[in-house]
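# Examining the three-dimensional arrangement
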Amino acid sequence: MDWHQQYIGKVKHAVFHTQKTGRKRVVVSTEENVVASLDLRHGEIFWRHVLGTNDVVDGIEIALGKYIITLSSDGSILRAWNLPDGQMVWESFLQGSKHSKPLLLVLTNLKVDKDNVILVSSKGCLHAVSSIDGEVLWRKDFTAESLEVQKVIQLHDSGKIYVVGFSASSQFHVYKINALDGELLKHESATFSGGFVGEVALVSSETLVALDATRTVLVTIVFKDGEIKFQQTYISNLVGDTSGAAMILPSTLKGTFALKINTLVLFIRVTGEGKLEVVEKVDHATVVSDALSFSEDKQAFAVVEHGGNKIHLTVKLGDDWNSDLVKENIEMDHLRGHVHKVFVNNYVRTDRSHGFRALIVMEDHSLLLVQQGKIVWNREDSLASIIDVTTSELPVEKDGVSVAKVEHNLFEWLKGHLLKLKGTLMLASAEDVVAIQAIRLKSSEKSKMTRDHNGFRKLLIVLTKAGKIFALHSGDGRVVWSLLLPSLRESEACDNPTGLNVYQWQIPHHHAMDENPSVLVVGRCGFSSNAPGVLSFVDAYTGKELNSLDLAHSIVQVIPLPFTDSTEQRLHLLVDADRRVHLYPKTPEAKSTFEQEISNIYWYSVEADNGIIKGHVIKSKCIGKGADDFCYDTGNLWSIVFPSESEKIIATVTRKPNEVVHTQAKVSVDQDVMYKYISKNLLFVATVSPKASGTIGSVDPEESSLVAYLIDTVSGRILHRMTHHGAQGPVHAVFSENWVVYHYFNLRAHRYEMSVIEIYDQSRAENKDVLKLILGKHNLTAPVSSYSRPEVVTKSQSYYFTHSVKAIAVTLTAKGITSKQLLIGTIGDQVLALDKRFLDPRRSINPTQAEKEEGIIPLTDALPIIPQSYITHSLKVEGLRGIITVPAKLESTTLVFSYGVDIFFTRLAPSRTYDSLTEDFSYALLLITIVALVAAIFVTWVLSEKKELREKWR
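All of these numbers come straight from a predicted model, not from anything done at the bench.

### Side note on the overall build of the chain
- Across its full length, the chain carries seven helices and 64 strands.
- With the principal axes as the frame, the chain shows a C-alpha extent of 125 × 80 × 60 Å.
- Within the span of the chain, comprising 954 residues, buried residues form 50% of the whole.
- Across the chain, contacts joining residues at least 24 apart in sequence account for 50% of those joining residues at least 6 apart.
- Accessible area of the chain: about 46,000 Å², with a carbon and sulfur share of 51%.
- Between the centroid of the 102 positive side chains of the chain and the centroid of its 110 negative side chains there is a distance of 4 Å.

This is the structure:
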């Protein structure tokens, strides 16, 4: 019923380990803060560590041939991992008072007592660390000089290093240091009037190339024999007149560096006199690898260029640009986008010549290994960075099958049985075994590409950070289709495209046989909320982009409306940064439907930084720039301003719009009826005192408090307010039916807590007289308005909870009859299913017999953690970020999808599968039992007739 997939994310750094003995592997670090060792043959994960959210990996190297060295957290944490199994060997914390660019260098040629010295430049200091135990050998502080270190350079076959950098943007410094003890041997400095921008290319141990402050001049810096020389070369002299800022690409090529101006890439050689000459110009997407040392001090590097649906991989000698060691053309799926990074590695062929393999990182975050002109393996690591998820139904199974399909199925059936026979007789080859497994998977009910009557088979439509959208089959997790959205790719018109959300756009109920559903992907061209928005419409069955729109307005909020047009497209409101709303789809029919319901449309906005919540209503058509017939101005209906000196908003949550509530009435133990206050307009808000908005323990309990609010978003009325003194965030909450559960930290008890608030409608409490109900003298059918002051009563309770929490969700079912379970994503990256009955505010220490019969559990101060209740079993969803629940057609069952760096899917039955038979139910035994009973009835009837006949003859 469940599946689990492991990923690593977009690769930033990679080091190869391909010794003659042992497994060949590549160790990588990624943008998801993962350090992983991958098998070079198949791309599988040997081991993997997911570091914290703020523990960003800055560099990775190999030391002593057996340790992986990682630098992270802005150069403050240095770790060593055992290469074969990934166990951490040691960890060092590097001190410093100033932020600086983190640099990592392992001095492989310098060994002291069989120890590689590790040099780390960070926090304004240079640290030398032992690779055996992580001890800091010496430390050199550059804070007094205000030096921004750019490079740490090892001098060949000596224990000396150069540390070069800038101060005050125009002063260039060179420090010569003894790497053994940190002794300063020489310090030289010189001033360059044009200033430096901070990007540096190292072309030899004594030559650098930098850009001046205007990015129009390349400065060759030669520091030799205690003298520093600057030589200026105007970029216009190398390439002619160009517009656009120049940028030095990071690389470690010997005697050569790469300069990028817009899409133009220049490869420039530095001659012995410090002069620059252009070796090659490339006017399309190009990526260069770092230099790779191989046989007898030779160096090679890889250049990857795009050409149509192919990529051209060229491996060149470091000192001879015209000699190509490898030149290959690889067929590449255009849906993967451009190449973003390339890492090259060499191997020795059987004829003793050198071959090269390349690890390529694509625009869609996928990872490929290319060798001998072929893709050996690939990984879809974009799925490690899922932003949003929605679902789609699979196609309806169509009646009628063609003759050709019958013949094909008959052939496949015979082929399958033949392969299974070979497998039974142990005559199957490795290819046959793979084919048998594929046939079994294909014939499995759960992996069919059509709907099932229980609603278990669905498409999970996921949007990733790379701007790629995937359709995953809920049966086995396979990728049905994927699409790198053109509207979310970086271009001249759209810098820094960012995906926001994915919504169901069109769900054809009346034309399900001949129309496909579609989804709406919302994004923006930039990181700020004022950036213009982009929309993309994608067919949910084929993955084809139906349409895309580049909007003139921004998108800060998307409101799906509960209305559809005649083509069953759902209406959406897009709110821009000027608080104007735009209606989509832009059709006369959608406009007519919307304007009929315009008086019933309200929404709210939360300004967490300013501590303001506002309610909005539509006033009139837009006037002014960017106005059209589908644009509307809005007005503020109400606002709640939280005092900034005492409260800060840290969490808001509301009910899911698709949640179904089975009944409003709740019968208590004394046969009393309580009516749930059911409103889709309720908003839960959690605020804390400003001092308590930091990390846990950063404030005293007396100075900290957490306040929970229940607010009606139509009228702005605060229905309930509760204060937790001595409590602190972060707060994770979930809202369902008439109750909200939220998780926080209790500073006084030094423990996490979970609280529950249930809200009931007292205005319907009089509807208990049977005679009045029969005569119709009740208000159960009276409309409920948010403007009528509600008579509500709340019940609440708090419990200790052992774990820190990353996410909370609640199970959803088709009719809302099945009891609820909370799905809690724990700090251990597992998902715990907790029965809502444990969070019933009516729990008491000694429940009465009637309360026990109702199912009320005796009160305890802490919520139980039952090991069998982990729906992820022994698996982890590393880097857990979200939990999505989707109702199946079968009332007892809900579908659960959790995602982070990994993804996990399962089916859950909170009240057991009371409305269906289990999958392992023996239908054969049932049939035999029925036949036996029918036979027994027939035999006994015959015997009874004979006995009765004998009685009559007496």
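Here the narrative resumes.
### Here's the deal with the pairing of strand β13 (residues 136-141)
- Bridge count for strand β12 (residues 125-130) against β13 is five bridges, and the pairing is antiparallel. Among the inter-strand pairings, His127 is bridged to a residue of β13, identified as Arg139.
- Here β12 folds back onto β13, and the loop between the two strands holds five residues, one of which, Gly134, carries a positive phi near 80°.

### Notes on the state of the cysteines
- Inspection of every chain in the model, using the stated rule, returns two disulfides.
- The disulfide bridge from Cys494 ends at Cys525, spanning 2.1 Å between sulfur atoms. Its S-S torsion of approximately -110° makes the covalent link between Cys494 and Cys525 left-handed. Here the residue Cys494 occupies a position in the loop between β38 (479-484) and β39 (497-506), and Cys525 occupies one in strand β40 (residues 518-525), the gap between them amounting to 31 residues. Of the two residues examined, Cys494 and Cys525, each falls in the buried class.
- Between Cys622 and Cys631 runs a disulfide, and the two sulfur atoms are separated by 1.9 Å. Between Cys622 and Cys631, the disulfide has an S-S torsion of -70° and is therefore left-handed. Cys631 carries the same exposure label as Cys622, and that label is buried.
- With cysteine numbering restricted to those in disulfides and following the sequence, the chain has the pairing 1-2, 3-4.

### Considerations on the sheet that holds strand β59 (residues 805-810)
- Overall, antiparallel pairing links the three strands, which are arranged β59-β60-β61 in an open sheet. For this open sheet the edge positions go to β59 and β61 (831-835), each flanked by a neighbour on one side alone. Neighbour-to-neighbour, the strand axes of this sheet turn through a mean angle of 25°, independent of strand direction.
- Of the strand pairs in this sheet, β59 and strand β60 (residues 821-826) are connected by five bridges, and their pairing is antiparallel. In the sheet register, Ala807 faces β60, and the bridge partner there is Gly825.

### What about a nonpolar patch on the surface?
- Nonpolar side chains collect at one region of the surface, where Leu917, Tyr923, Leu926, Ile930 and Val934 lie side by side and expose about 480 Å² of accessible area between them.
- Residue placement: Val934 occurs in helix α7 (residues 923-953).

### A few points about the environment of His750
- Note on placement: His750 falls in the loop between β56 (739-746) and β57 (751-761).
- Assessed through its relative accessible area of 63%, His750 is described here as exposed.
- Separated by 200 residues in sequence, His750 and Arg950 place their C-alpha atoms 87 Å apart.

### Considering the packing of aromatic side chains
- Counted by the stated rule, this structure contains 19 aromatic pairs.
- Aromatic pair Phe166 and Phe196: ring centres 4.3 Å apart, planes at 10°, arrangement stacked. Placement of the pair is Phe166 in strand β15 (residues 160-167) and Phe196 in strand β18 (residues 196-204), with a sequence separation of 30 residues. Take Phe166 and Phe196: they sit in the same class, and that class is buried.

### Concerning the confidence of the model for the chain
- Of the residues in the chain, 93% reach a pLDDT of 70 or more, and the chain-wide mean stands at 86.
- Below a pLDDT of 50 lies the segment residues 400-407, which in the model reaches one contact outside its immediate sequence neighbourhood of four places, other chains included.

### A look at unusual backbone geometry
- Residue Pro585 follows Tyr584 across a cis peptide bond; omega there is 0°.
- On the secondary structure map, Pro585 appears in the loop between β45 (581-584) and α4 (588-596).
- Here Asp74, not a glycine, exhibits a phi torsion of approximately 60°, which is positive.
- Relative to the helices and strands, Asp74 is located in the loop between β7 (67-72) and β8 (77-82).
- At His873, a residue that is not glycine, the phi angle is positive and equals roughly 60°.
- Here His873 is to be found in the loop between α6 (849-854) and β62 (882-887).
- The partly exposed category is assigned to His873, whose relative accessible area is 47%.

### Some remarks on the nonpolar core
- Core analysis: the largest hydrophobic core is formed by 36 residues, its most contacted members being Val28, Leu359 and Phe897.
- In contact with Val28, not counting residues within four places along its chain, are Ile8, Val11, His13, Ala14, Val34, Val35, Ala36, Leu38, Ile60 and Leu359.

### As for the pattern of salt bridges
- In total, this model carries 30 salt bridges according to the counting rule given.
- Between Glu948 and Lys952 there is a salt bridge whose closest N-O contact spans 3.8 Å. On the criterion of helical spacing, the pair formed by Glu948 and Lys952 is a turn pair, its members being four residues apart in helix α7.
- Relative accessible area serves as the criterion here: at 39%, Glu948 is assigned to the partly exposed category.
- Taking relative accessible area as the criterion, Lys952 reaches 63% and is therefore assigned exposed.

### Here's the deal with the sheet that holds β38
- With antiparallel pairing, four strands are arranged side by side in an open sheet as β35-β36-β37-β38. Every interior strand has two partners, whereas the edge strands, β35 (386-393) and β38, have only one. The average undirected angle you get between the axes of adjacent strands in this sheet is 20°.
- As judged from the five bridges shared by strand β36 (residues 458-464) and strand β37 (residues 468-473), these two strands associate in the antiparallel manner. Across the sheet, the residue bridging to Leu459 is His473, located in β37.

### A look at α4
- For α4, every residue scored as buried is listed here: Ala590, Lys591 and Phe594. For α4, the buried positions fall inside an angular range of 100° around the axis, keeping them on one side. Residues of α4 that are exposed and point more than 90 degrees away from the buried face comprise Pro588 and Gln596.
- Residues of α4 that are buried in the fold lie against β43 (557-564), β44 (570-575), β45, β47 (612-621) and β48 (631-641).

### What about the side chain of Asp761?
- Position of Asp761 relative to the elements: it lies in strand β57.
- Excluding residues that lie within four positions of it along the chain, Asp761 makes contacts with Gln664, Tyr675, Lys676, Tyr677 and Glu791.

### Some thoughts on the environment of Glu32
- Along the chain, the position of Glu32 falls in the loop between β3 (25-30) and β4 (34-39).
- Residue classification places Glu32 among the buried positions, given a relative accessible area of 15%.
- Taking the C-alpha atoms as reference points, Glu32 and Asn329, separated by 297 residues in sequence, lie 31 Å from one another.
- Once you skip the residues sitting within four places of it in the chain, Glu32 turns out to touch Ile8, Gly9, Val50, Ala384, Ser385, Lys465, Arg881 and Val901.
- A polar atom in the side chain of Glu32 sits 3.5 Å from the side chain of Lys465.

### Considerations on the pairing of strand β34 (residues 374-379)
- Inspection of the sheet shows strand β33 (residues 367-371) paired to β34 by five bridges, in the antiparallel sense. For Leu367, the partnering residue across the bridge sits in β34 and is Arg379.
- Counting the residues between successive antiparallel strands, the hairpin from β33 to β34 contains two residues, one of them, Gln372, with a positive phi of roughly 55°.

Definitions and cut-offs
- Residues numbered from 1 in each chain as written.
- Predicted model: local features only at pLDDT ≥ 70, side-chain atom pairs only at ≥ 80, totals over all residues.
- Heavy atoms only, no water.
- Helix = DSSP H or I, 4+ residues; strand = E, 2+ residues; numbered from the N terminus.
- Buried < 20%, exposed > 50% of the residue type's maximum accessible area, 1.4 Å probe, protein only.
- Contact = heavy atoms within 4.5 Å.
- Areas by Shrake-Rupley, 256 points an atom, 1.4 Å probe, with all protein chains shown as cover.
- Lys, Arg positive; Asp, Glu negative; His and termini not counted.
- Charge placed at Lys NZ, Arg CZ, Asp CG, Glu CD.
- Pairing = 2+ DSSP bridges.
- Disulfide = S-S within 2.5 Å.
- Axes fitted to C-alpha atoms, helices over the stretch in contact; angles between N-to-C directions.
- Patch = residues over 30% accessible without salt bridge, like charges linked within 9 Å, V, L, I, M, F, W, Y side chains within 5 Å.
- Salt bridge = Lys/Arg side-chain N within 4 Å of Asp/Glu carboxyl O.
- Phe/Tyr/Trp six-rings, centres within 6.5 Å; stacked < 30°, edge-to-face > 60°.
- pLDDT = per-residue confidence, 0-100.
- Core = buried A, V, L, I, M, F, W, Y, C linked by side-chain atoms within 4.5 Å.
- Arc of directions from axis to C-beta.
- Polar contact = N/O pair within 3.5 Å; in protein donor to acceptor, adjacent residues only side chain to side chain.

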